[in-house]
Every structure is written in C-alpha cells, then in structure tokens.
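Coordinate inspection notes
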Amino acid sequence: MADAPPRRYADGEVVDAVVVGTGAGGAPVLARLAAAGLHVVALEAGRRWDPARDFATDEREQAKLFWTDERLSAGGDPVPLGNNNSGNGVGGSTLHFTAYTPRAQADDFRLRAEFGVGEDWPLGYDDLEPYYDELEAFLGVSGPPDYPWGPPRRAAYPLAPLPANGAARLMARGCDAFGIRTAPAPNAALSAPYFRDGVGWRAACTNRGFCQAGCSVGAKASTDVTFVPLAERHGAEVRPGCFVTGFERDGAGRVTGVVYVAGGPDGGVERRQRCRAVFLAAGAVETPRLLLLHGLANSSGQVGRHFMAHTGLQLWARFAEDVRPYKGIPGALISEDTHRPPDADFAGGYLLQSIGVMPVTYASQLARGRGLWGDALREHMRGYNHTAGINILGECLPHAGNCVELSAELDARGLPKPRVTFTNGENERRLTAHAERVMRAVWDAAGARDVWAFARNAHLIGTCRMGRDGAAAVVDADGRSFDVPNLYISDNSTFPSALAVNPALTIMALALRTADRFLERARRGEG
C-alpha cells in the first residue's frame, strides 16, 4: 500500500491499531504497520511543528518542546522533569534529543547473569542487531568507519562523522594523554544530504548546535521528519492535540477503543477511536500513569515499579582555547573504554562523551550546581566561550523503591498527578565516583582549569518492565501485555535494566521488533 495519501478515519470506524505517542517508540510502530497495509491512527498529545518556521536558534524557544504537565518529583535524588527528557509535539522527545545513537552492547542485556544484580532482558543483542542495522541506514547515522567497541558490525555507518567541535577536540587531547581510546560519536544527524524512499531528501547538518531546540533543517533524525512522514505516506493518520485518558474494553477484557480529549484541557472534546489493538508509546511516566489510572495490565504489580534514570555526571572546565560550546553537534566524541572498567567496585559501566551546552542551560547549572548568582554568575559567564564539558552515561540499577505512582493531587485535566520517586543507590554512587576520577584526570591532561562537577540523572526508564514471566513483568519480549492480549507497550518503560548507553536507538529497535512480531501474529490469525 505504498504512496497512499493520509487517510482520515471516523471515530466509529474500527481501525487495526491505535498508537499513543509519536516519539521514538510510537512512530516506528506506526510506520511499520501502515507499510504493511494496516489501518492505523496515532494520537499525539502535542501539536505538529513546522521545523523551518518554528525551530529557532534561540534557546528560550525550546521551552515549547518540553512536556510541562504537572508532575511531582520525590525521593533522595528527585529527578528534574519538564525540560529533562521530555517532548511535546509530533515527534515526542526526539524533537529535542541530541541525536546520540550508540548501540547497546551485548553484555548490557545480561546484567544479572554477569553481576548478580539488576535484571536480565528476555532478549539479547542478536535479536536487535538487524533492527540496529536497519535504523542506522534509514535515519542516516553519521559515525566512524571502524567503531572500536561492541560486536563486529555487519555494515559501516552510512555517513561520515560530523565535525568535531571544541569540546570534542579537548576531550580527545585529554584521553590520548591518559590512554583512553576515543572515536567520533554515532549521531542520528546527517553529515551529508541523504535520501530515503518514503521520506525524500533531508539536508545536511549546518552545525548550528541548537539541536535540543529542534532541528530547523531536518538534519536531525527526529521522528517528525523520518518515521512520521513515512507512515503518512503509507496511509496512517496522525492526530495532534489528542490526549488519551482511557480505554473501552469488551467482556473478555480486550481493548476495543481508546478514549481521548481533542483540543486541549480547556474546552477539549472527549472522543473515542475504536480499534482492534493499541500500542502505548507515551514514555516511562505517562504510560504507567495511564495504566494505573484504569487498573490495567497490572496483575504482576509491576506497573510503575523500578523507575530508573542514567547516572549522568557532567564535568565542566575552562580552557585557554576558544571553545564556543554552542557550536556543532553536542555529543561529538565518545569513549566506551569504561564500559566494564577493570578496577570497578560496582556493577555495569558507563560511557564518556564530550558535550556542548547552550548559554542559558549552562548558567542555570552554575546557579544550581555551584550556587553562583548575581555578579559571580555574570563574571563566570564571561568565560562561557572557553568552557567545555565531559559527560557520562552510566548504568542505573532497578531499585524497588524507585517508582511512578498516582498522587492525591489533581492536574489541570482533573487527573491524579504522577509522582516520580527516585534515589541513587550505592552502585550508582560508586560508579559516579569512579567516573569523576577518570574525567578529572582527562581534563587535567587536557590543560583544564576551574573544573567543577554537576551531578544529574538523565533519561526516564523502566516502570513497565518486560520479562518472561507474567508474575514478575508487565509485557513479554514482544511488548505484549501478559494480561490484555491486544495491548502493547512500545517505549523505554519496558526496559528491565537501564543499559550503559543512550536509549533512543534501542527504543526504536524494540519498536520495529514489536511491530514485526505483531504482524507475524496477525498473519497467523492470532489475536
């Protein structure tokens, strides 16, 4: 059914599937099902943006891309929400992700088997490898010809690396002196014009560096310029401004329709879309929240449990060189030499990456991390153009006390606000201490001064874990609910462990695999 115009389905019409969310987990499912000839509708809470018109080289403008619905953050290390790992609009969080797309390594999926802690995945690297291959080719990932870590690759990255920015050059200098291998980072941003059937030509990255504010030229492979147009080309319907609030079910407990409010919380209209299957792809907070609101798919008691957030310590420093940290792809250089450090006193590992930063973001971190304000903050910011950073992305174990729950407070829609509770455990603290020692040595070797650390956690993961046993997991390895046979989850809420790697590429790989397994089941006539 290629090249069909986007369809419009009536609410009373029964479609094959409704996909809730159009980010890294939802849009690939939508495209895959539509390409197979299925009738599919995506419900997206945010609006549709026009990159050329709406995405400016202005940091304040990115605020419109944040998910700012009211949420409560609790625990010993409450996770900042809003501008942290959220997304609002067709494209979801890929609208403002930094395009960092390394693959997980094979041992990432076997944490418990190797360390006796955490949780193993019910699938492995071999299950996802063909999807990693497919995604890198489809998205146009820019990367080095010989990536030094992980299993041997079956195909090289389709595009050459993006240019190294100031932070990348300094990190490379420090790592070379300290004996740590580095490589240009794989990024889902184009280093050259790129063509894909169903999508057309996309322009090359202009290195303006405001990737998190939305890519104005479409070089960053956010789903609004990749999977969504592909899905629509195959006849899928995407409905922006539609917030899902519930489900209709039959006597056997199967979902028969999705209830949503179209037009926003003020003056919105409640509508229903009938369907044969539903795919939840609303992320690690909204997906469990929706299930908890309706007591759905939770016979295991695992919905909302084992929330995780990567350890993401940043180490900033001042250099004599002109760095200009706002320029170029933010994460231009990577090292995975610390994936399993030989002197580790913790389980798992972490990767190192160079980081750029926009000025307002950096100033806000100075205020929160160093307590600088007023004249002291202004004085420090005069050296902004000589600032460079290194970041880690480290394992986070699934602790039972870290969770997403429903609070007693109601939001603007009259629904219970989600409360996110998070505290770093001893493993995260030891990993972070190890990483800080390594990064300080790298920066010392690179000639840094005025080095300071900003503690943070990044990415919202877990809360609807996958597994082999319905007594201990919400979905199986295919993303299918153990309790509701026509309910699937396709986002990072299903991760049993955090992986020592940025999650976007793995979310997309799982999404394509979930869609393929659904189609195989449908071809066999299984509901």
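All of these numbers come straight from a predicted model, not from anything done at the bench.

Some details on the sheet that holds strand E8 (residues 242-249)
- The antiparallel open sheet is built from 3 strands, whose spatial order is E8-E9-E10. This sheet does not close on itself; its edge strands, each paired only once, are E8 and strand E10 (269-274). Put simply, the sheet's adjacent strands are angled 25 degrees from each other on average, direction ignored.
- Pairing of strand E9 (residues 255-262) with E10, which is carried by 6 bridges, proceeds in the antiparallel orientation. The residue of E10 that forms the bridge with Tyr 260 is Arg 271.

Quick notes on the packing of helix H5 (residues 166-178) against helix H10 (residues 426-446)
- Running from amino to carboxyl end, H5 crosses H10 at an angle of 100 degrees, the nearest separation of the two axes being 7 Å. What the angle tells us is that H5 and H10 run roughly perpendicular. Where H5 abuts H10, its residues Ala 167, Leu 170, Met 171, Arg 173, Gly 174, Cys 175, Ala 177 and Phe 178 lie against Val 438, Ala 441, Val 442, Trp 443, Ala 445 and Ala 446.
- Residue composition of the contact of H5 with H10, by class: 12 nonpolar, 1 polar and 1 charged.

Observations regarding the pattern of salt bridges
- Applying the stated criterion across every chain yields a total of 44 salt bridges.
- Asp 69 is the partner of Arg 413 in a salt bridge, and the nearest nitrogen-oxygen pair spans 2.6 Å. Here Asp 69 lies in the loop between helix H2 (51-54) and strand E3 (72-74) and Arg 413 lies in the loop between strand E17 (403-410) and strand E18 (416-421), a separation of 344 residues in the sequence.
- The exposure class of Arg 413 is partly exposed, given its relative accessible area of 28%.
- Assessed through its relative accessible area of 25%, Asp 69 is described here as partly exposed.
- A network of salt bridges, in which partner residues are shared, links Asp 478, Arg 513, Arg 517, Glu 520, Arg 521, Arg 524 and Glu 526.

Observations regarding the pairing of strand E20 (residues 457-463)
- Along E20, 7 of the 7 residues are buried, which leaves the element largely enclosed by surrounding structure.
- Here strand E12 (residues 305-311) pairs with E20 via 4 bridges, running antiparallel. From the neighbouring strand, Arg 305 faces E20, where its bridge partner is Thr 463.

Concerning the nonpolar core
- Judged by nonpolar contacts, the single largest core of 137 residues is most densely connected at Leu 33, Leu 139, Phe 227 and Trp 443.
- For this core, the leading source of residues is helix H11 (residues 504-523), giving 11 residues.
- Ile 355, Tyr 362, Leu 372 and Tyr 384 belong to the second-largest nonpolar core, a separate cluster that totals 11 residues.

Some points on the side chain of Ser 335
- Its location among the elements puts Ser 335 in strand E14 (residues 333-335).
- At a separation of 2.7 Å, a polar atom in the side chain of Ser 335 contacts the main-chain carbonyl oxygen of Arg 181.
- At 3.3 Å, the side chain of Ser 335 forms a polar contact with the backbone nitrogen of Asp 337.

Section: H5
- Taking 1.5 Å of rise per residue, the 13 residues of H5 would be expected to cover 18 Å, and the 19 Å separating its terminal C-alpha atoms lies within 8% of that figure.
- Three or more residues of H5 are buried, namely Gly 166, Ala 167, Ala 168, Leu 170, Met 171, Ala 172, Gly 174 and Cys 175.
- Looking at the buried residues of H5, the elements they touch are E14, strand E15 (350-355), strand E16 (387-394) and H10.
- Phi turns positive one or two residues past the end of H5, at Gly 179, with a value near 80 degrees.

Focus: the pairing of strand E1 (residues 17-20)
- The alternating pattern of E1 places Ala 17 and Val 19 on one face and Val 18 and Val 20 on the opposite face, and all of these are buried.
- Across 4 bridges, the pairing between E1 and strand E2 (residues 40-43) is parallel. Following the sheet pairing, Val 20 is matched in E2 by Leu 43.
- Between the parallel pair E1 and E2, the chain is carried across by helix H1 (residues 26-35), and the sense of this crossover is right-handed.

Some words on unusual backbone geometry
- Not every positive phi belongs to a glycine, and Asn 207 is a case in point at roughly 60 degrees.
- Given a relative accessible area of 23%, Asn 207 falls into the partly exposed group.
- At Asp 450, a residue that is not glycine, the phi angle is positive and equals roughly 50 degrees.
- As for its position among the elements, Asp 450 is in strand E19 (residues 449-454).

A short note on the sheet that holds strand E21 (residues 487-489)
- Strand order across the open sheet formed by 5 strands is E7-E2-E1-E11-E21, with parallel pairing between neighbours. Each end of this open sheet is capped by a strand with a single partner; those strands are strand E7 (237-239) and E21. Geometrically, the sheet is characterised by an average inter-axis angle of 20 degrees between neighbouring strands, direction not taken into account.
- Alignment of E2 against E7, held across 3 bridges, turns out to be parallel. Counterpart to Ala 42 in the pairing with E7 is Val 238.
- Along the sheet, H1 makes contact with E1, E2, E7 and strand E11 (278-280), crossing E2 at roughly 165 degrees.

As for the environment of Gly 118
- Relative to the helices and strands, Gly 118 resides in the loop between helix H3 (111-115) and helix H4 (125-139).
- In this structure the C-alpha to C-alpha distance between Gly 118 and Cys 396, which are 278 residues apart in sequence, comes to 8.7 Å.
- For Gly 118, the residues in contact, after removing those within four places along its chain, are Leu 111, Arg 112, Leu 397 and Pro 398.

Brief notes about H11
- With 20 residues, H11 ought to run about 28 Å at 1.5 Å a step, and its terminal C-alpha atoms sit 29 Å apart, in line with that.
- Along H11, 16 of the 20 residues are buried, which leaves the element largely enclosed by surrounding structure.
- With its phi angle positive at about 80 degrees, Gly 525 sits one or two positions after the end of H11.

Some points on the packing of H1 against H11
- Here H1 crosses H11 at 35 degrees, and the two axes come no closer than 8 Å. The interaxial crossing formed by H1 with H11 has right-handed handedness. Note on element contacts: H11 touches H1 through Met 508, Ala 511, Leu 512, Ala 515, Asp 516, Phe 518 and Leu 519, opposite Pro 28, Val 29, Arg 32 and Leu 33.
- Considering only residue class, the contact of H1 with H11 consists of 9 nonpolar, no polar and 2 charged.

Basis of the calculations
Position numbers for residues count from 1 along each chain, tracking the sequence in the order it is written. Only residues with pLDDT of 70 or above have their local features reported here, since the model is predicted, and side-chain atom pairs are shown and tallied only from 80 upward, although totals for entire chains, interfaces and linings are computed over all residues. Values reported for side chains reflect all heavy atoms of the structure, with hydrogen atoms and water molecules removed beforehand. A pair of strands is labelled paired if DSSP reports no fewer than 2 bridges between them. Numbering goes from the N terminus for both helices and strands, where a helix is a DSSP run of H or I of at least four residues and a strand is a run of E of at least two. Axis lines are fitted to C-alpha atoms, over the contacting stretch for helices. Their N-to-C directions set the angle, which ranges from 0 to 180 degrees. In these notes the angle categories are as follows: under 35 degrees is roughly parallel, over 145 is roughly antiparallel, 65 to 115 is roughly perpendicular, and the rest is oblique. Contacts were defined at the residue level, with two residues in contact if any of their heavy atoms lie within 4.5 Å. Gly is put with the polar residues, along with every residue not named as nonpolar or charged; the nonpolar set is Ala, Val, Leu, Ile, Met, Phe, Trp, Tyr, Cys and Pro, and the charged set is Asp, Glu, Lys and Arg. In the sections that follow, a salt bridge refers to a side-chain nitrogen of Lys or Arg positioned within 4 Å of a carboxyl oxygen of Asp or Glu. The rule is simple: take the accessible area with a 1.4 Å probe, protein chains only, and divide by the maximum for that residue type; under 20% is buried, over 50% is exposed, in between is partly exposed. Buried Ala, Val, Leu, Ile, Met, Phe, Trp, Tyr and Cys residues form a nonpolar core when they are joined through side-chain atoms within 4.5 Å. For this analysis, a polar contact is any N or O atom pair within 3.5 Å, provided that within protein one partner can donate a hydrogen and the other can accept it, and provided that sequence-adjacent residues contribute only side-chain to side-chain pairs. Expected helix span is taken as 1.5 Å per residue step, with the number of steps being one fewer than the number of residues. Handedness of a crossover: with both strands directed away from the viewer, a clockwise path from the first strand across the helix to the second marks it as right-handed. Crossing handedness is defined as follows: a turn of the near helix away from the far one that is anticlockwise and smaller than a right angle gives a left-handed crossing, while the clockwise case is right-handed.

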